[in-house]
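# Topology and contacts: notes
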Amino acid sequence: MHSSDTAEKPHRIVIVGGGVGGLTLATRLGETLEKDRFTEVLLLDGSSTHFWKPLLHEAAAGRLDPAAHEIQYAVHAKMNGFLFEQGMLVSVDRTCRTVTIDALQDDRGREIVPARTIRFDTLVLALGSVTNYFSVPGAQMNALSLENLSDAKSFRQKLVEVCTRANHIRSTNRAAQRRPLAINIIGAGATGVELAAALRDSLHAMHEYKIYDLDPSVDFDIRVIEAGNRILPALTSKVSDEAAQILKNIGVEVLTQTKIVEVAPDAVITGDGRRLPGDITIWAAGVSGPPVLRAVEGIEVTTNAQVLVTPTLQTTKDPDIFAIGDCAACPIDAKSFLAPRAQVAGQQADFLAGALIQYMQGRSLEPFDYHDAGSLIGFGHAGAVGSIAGLFDRPLFVRGWFATIVYRFLYRRHMVKVSGLRQASIDSVGHWLRRREPTVRLN
Ligand SMILES: Cc1cc2nc3c(=O)[nH]c(=O)nc-3n(C[C@H](O)[C@H](O)[C@H](O)COP(=O)(O)OP(=O)(O)OC[C@H]3O[C@@H](n4cnc5c(N)ncnc54)[C@H](O)[C@@H]3O)c2cc1C
């Protein structure tokens, strides 16, 4: 491990995590501070590319080509006036004002770059979240998760393997009993519900292209399993009811008030003792802050491992350390925190892009003010449903083509923020031109 430069240097803002919040912040600060000799912005991320997390379910179901939506951090940094270094955060030393990132290894585990210790003057933690398995036996070992692109690729690969095996058995032994392939999605939040719909689309596309001799309407059981008494518990009951109806229409089974108490390699076990077969089980029942944050001395975390921040997004004991997005517990009132959502991370990044400059100038900060623009749930070919902020911020229920357009617009807006209008428009045209390519990927 080597220590990077300690001589007199510009004020360094280090942002750890280049997701929805971190990349937006780095881009905006880079644009503002590019010509400022006295300040530099450094983004750290464990990955070499950015992928907008709310698209992960589409990548998992094989509905899009991830490469067409990835942004190379190193190139993006060069074009937007900030620095980038790849590596996973392993520790923060508040006394020495340094962070340490892990060594980079190749796919055989050989070291490419050693661990590095990097100084900071201002630190922004934007590490996102990890899957919360709630200590359910077997869940971490036997269920897949959907935290990043590599998880999405693993899911797609597993889906292809399961279909290929079933197809082979059926084509070589016509008399074989046709048991439907069971896919269990644990958790009926946005991730679980959107994944179920994307999977349905994907299986129909596979059938259309005659990739497998498997009929989506009889050969697959897709189940969304929820412990609470309705799906999408964070949204209004009207959105939840409409979403449940759409899932029913597209042939997804919804089990509410069903708690999973164990995940076996080939089944899930419910609280009332039922054993539901599972060729694939995916755990989408909740998130928590990344474990690395629990170990930082002097940073207060909640029981869910999220960093506790003040209304100005500063950590409670160290005003030079900020946290945004899923990894931050930003108070709404004495009892509750903002939910881990892309629009929260994006708005906090926009806020901090201005607030950090004021902070460096020694000015006091206004509190972060969150505006809920609503929530939309996408069902692929079955459209979208949700609520958007209407007049006087009153939620307006939307569905059909209008909801689908707004849903698609959310991703485009992120791309405009990060890549600029010109590049985002070129990318959109590229995606549009490729729309006639097969809508399912097998690799
Ligand atoms: C399938 C799915 C669908 C979703 N749909 C919606 C939706 O419709 N609307 C909505 O509002 N929200 C949605 N979300 C939630 C949304 O994606 C998150 O709230 C949002 O991405 C949080 O942004 P963030 O910047 O905090 O973290 P992320 O976007 O998750 O970024 C975190 C970054 O930190 C990096 N990182 C993590 N650990 C380390 C480490 N130790 N060292 C270095 N780098 C690290 C990661 O590589 C990543 O780049 C969805 C999530 C999923 C999984």
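Whatever comes next refers back to the structure up there.
A few points on the structure.

The rules behind each value
Residues numbered from 1 in each chain as written. Predicted model: local features only at pLDDT ≥ 70, side-chain atom pairs only at ≥ 80, totals over all residues. Heavy atoms only, no water. Pairing = 2+ DSSP bridges. Helix = DSSP H or I, 4+ residues; strand = E, 2+ residues; numbered from the N terminus. Axes fitted to C-alpha atoms, helices over the stretch in contact; angles between N-to-C directions. Contact = heavy atoms within 4.5 Å. Buried < 20%, exposed > 50% of the residue type's maximum accessible area, 1.4 Å probe, protein only. Right-handed = clockwise from strand over helix to strand, strands pointing away. Core = buried A, V, L, I, M, F, W, Y, C linked by side-chain atoms within 4.5 Å.

### Quick word on the sheet that holds strand β27 (residues 395-399)
One open sheet accounts for three strands, arranged β25-β26-β27; its pairing is antiparallel. Lying at the two open borders of the sheet, with one neighbouring strand each, are β25 (374-378) and β27. This sheet shows a mean twist of 15 degrees between the axes of neighbouring strands, independent of strand direction. With five bridges connecting them, β25 and strand β26 (residues 384-389) associate as antiparallel partners. By the bridge assignment for β26, Gly-374 is matched with Ile-388. Packed on one face of the sheet, helix α9 (residues 400-433) meets β25, β26 and β27 and runs near 75 degrees to β26.

### What about the pairing of strand β15 (residues 220-225)?
Burial within β15 is extensive, with five of its six residues counted as buried. In this structure, strand β14 (residues 181-186) lies alongside β15, joined through six bridges in parallel fashion. Paired with Ile-183 across the bridge in β15 is Ile-222. At this point the chain moves from β14, through helix α6 (residues 190-208), to the parallel β15, and the crossover so formed is right-handed. Looking at chain direction, β15 and strand β16 (residues 252-255) are connected through four bridges and run parallel. Looking at β16, one finds that Ile-225 is bridged to Leu-255. Each parallel crossover has a hand, and the one from β15 via helix α7 (residues 237-249) to β16 is right-handed.

### Re the nonpolar core
Nonpolar side chains tend toward joint burial in soluble globular proteins. Judged by nonpolar contacts, the single largest core of 103 residues is most densely connected at Ile-15, Leu-25, Leu-125 and Leu-352. The dominant element in this core, judged by the number of residues it contributes, is helix α8 (residues 342-360), at nine residues. Once you skip the residues sitting within four places of it in the chain, Leu-25 turns out to touch Ile-15, Val-124, Ile-324, Ala-349, Leu-352, Ala-353 and Leu-356. Within the second largest apolar cluster, 12 residues are counted, among which are Val-136, Ala-143, Val-263 and Trp-283.

### Considerations on unusual backbone geometry
Its identity is not glycine, yet Ser-135 carries a phi of approximately 55 degrees, on the positive side. Looking at the element boundaries, Ser-135 is found in the loop between β13 (130-131) and α4 (139-142). On the accessibility criterion, Ser-135 (73% relative accessible area) is exposed. Non-glycine residue Leu-232 carries a positive phi angle of around 45 degrees. By secondary structure assignment, the location of Leu-232 is in the loop between β15 and α7. Residue classification places Leu-232 among the buried residues on the basis of a relative accessible area of 3%.

### Focus: the sheet that holds strand β17 (residues 260-264)
Hydrogen bonds between backbone groups are what pair the strands of a sheet, and the pairing can be parallel or antiparallel. Reading across from one edge, β17-β18-β19 is the order of the three strands in this open sheet, with antiparallel pairing throughout. Looking at strand neighbours, the two that pair on one side only are β17 and β19 (275-277), the edges of this open sheet. Taken over all neighbouring pairs, the strand axes of this sheet differ in orientation by 25 degrees on average, direction set aside. In this sheet, β19 lies alongside strand β18 (residues 267-270) in antiparallel orientation, the contact comprising three bridges. Within the sheet, the bridge partner assigned to Ala-267 lies in β19 and is Pro-277.

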